[in-house]
Amino acid sequence: QGQLEESGGGLVQPGGPRRLSCAATGSIILSVYALAWYRQAPWNELEVVATITSDGATNYTDPVKGRFTISRDDDKFTFYIQINNLQPEDTAVYYCKKTPTSNMISLGYGTDWGQGTLDTVSS
């Protein structure tokens, strides 16, 4: 249900911070979704970066642990990935995704992807 739109990407120097946002539109109830950030670096495979459940439990891929923080604000229909100490290897197109719980799937809720935002880390 609804659409996702990423924002916050751009050019940043190594070591700098960046917060990417994913806004959900379409009159959805964000709290029924598990949320995630993915990324695809040039010539690399799409990989999951971080996930957060509807209850707030988080998980991160090893390369970003300690630097990336996923969070959600369901009342604002938005979720985020805070990225600290950016490195050149973090350069990628970042995608947000929402996935409904099994109970919500049975009620007609579906998975949605954003179109991606490019985050470039370069000196």
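Given the structure is predicted, the values throughout are model-derived calculations rather than measurements.

1. Things to note about the pairing of strand β5 (residues 47-52)
Examined bridge by bridge, strand β4 (residues 33-40) and β5 share 5 bridges and lie antiparallel to one another. Note that in β5 the partner of tryptophan 37 across the bridge is alanine 50. Connecting β4 to the antiparallel partner β5 that follows it, the hairpin turn spans 6 residues, and tryptophan 43 within it adopts a positive phi of roughly 65 degrees. In this structure, β5 lies alongside strand β6 (residues 58-60), joined through 3 bridges in antiparallel fashion. In the strand pairing of β6, isoleucine 52 is matched with threonine 58. With antiparallel pairing between neighbouring strands as the criterion, β5 and β6 make up a hairpin whose turn holds 5 residues, including glycine 56 at a positive phi of roughly 95 degrees.

2. Observations regarding the sheet that holds strand β8 (residues 78-83)
Strand order across the open sheet formed by 4 strands is β1-β3-β8-β7, with antiparallel pairing between neighbours. Where the open sheet ends on each side, the last strands, each with one partner, are β1 (3-7) and β7 (68-73). With direction set aside, neighbouring strand axes in the sheet form an average angle of 15 degrees. Pairing geometry for β7 and β8, over 6 bridges, is antiparallel. Its bridge partner lying in β8, serine 71 is registered against tyrosine 80.

3. What to know about the packing of aromatic side chains
Tallied over the entire structure, the rule returns 3 aromatic pairs. Ring centres of tyrosine 33 and tyrosine 109 lie 5.9 Å apart, and the angle between their planes is 65 degrees; on these two criteria the pair is classed as edge-to-face. Of this pair, tyrosine 33 sits in strand β4 while tyrosine 109 sits in the loop between α1 (102-106) and β10 (112-113), and the two are 76 residues apart along the sequence. Tyrosine 33 sits in the buried class, given a relative accessible area of 0%. For tyrosine 109, a relative accessible area of 21% corresponds to the partly exposed category.

What counts, and at which threshold
Numbers given for residues are sequential positions, taken from 1 along each chain in its written order. Given that the model is predicted, a residue must reach a pLDDT of at least 70 before its local features are reported, and side-chain atom pairs must reach 80 or more before they are shown or counted; all residues, however, enter totals for whole chains, interfaces and linings. Calculation of side-chain values draws on the structure's entire complement of heavy atoms; hydrogens and water are dropped beforehand. For two strands to pair, DSSP has to find at least two bridges joining them. By the criteria applied, helices consist of DSSP H or I runs no shorter than four residues and strands consist of E runs no shorter than two, each listed in order from the N terminus. Axes, fitted as lines to C-alpha atoms, cover a helix only where it is in contact. Angles between the N-to-C directions of the axes lie from 0 to 180 degrees. Centres within 6.5 Å are what make two rings of Phe, Tyr or Trp a pair, Trp counting through its six-membered ring; a difference in plane orientation under 30 degrees is then read as stacked, over 60 as edge-to-face, and the rest as tilted. Exposure categories follow from relative accessible area, calculated using a 1.4 Å probe and restricted to protein chains: below 20% of the type maximum is buried, above 50% is exposed, and the middle band is partly exposed.

Nothing here speaks to function; it is geometry throughout.
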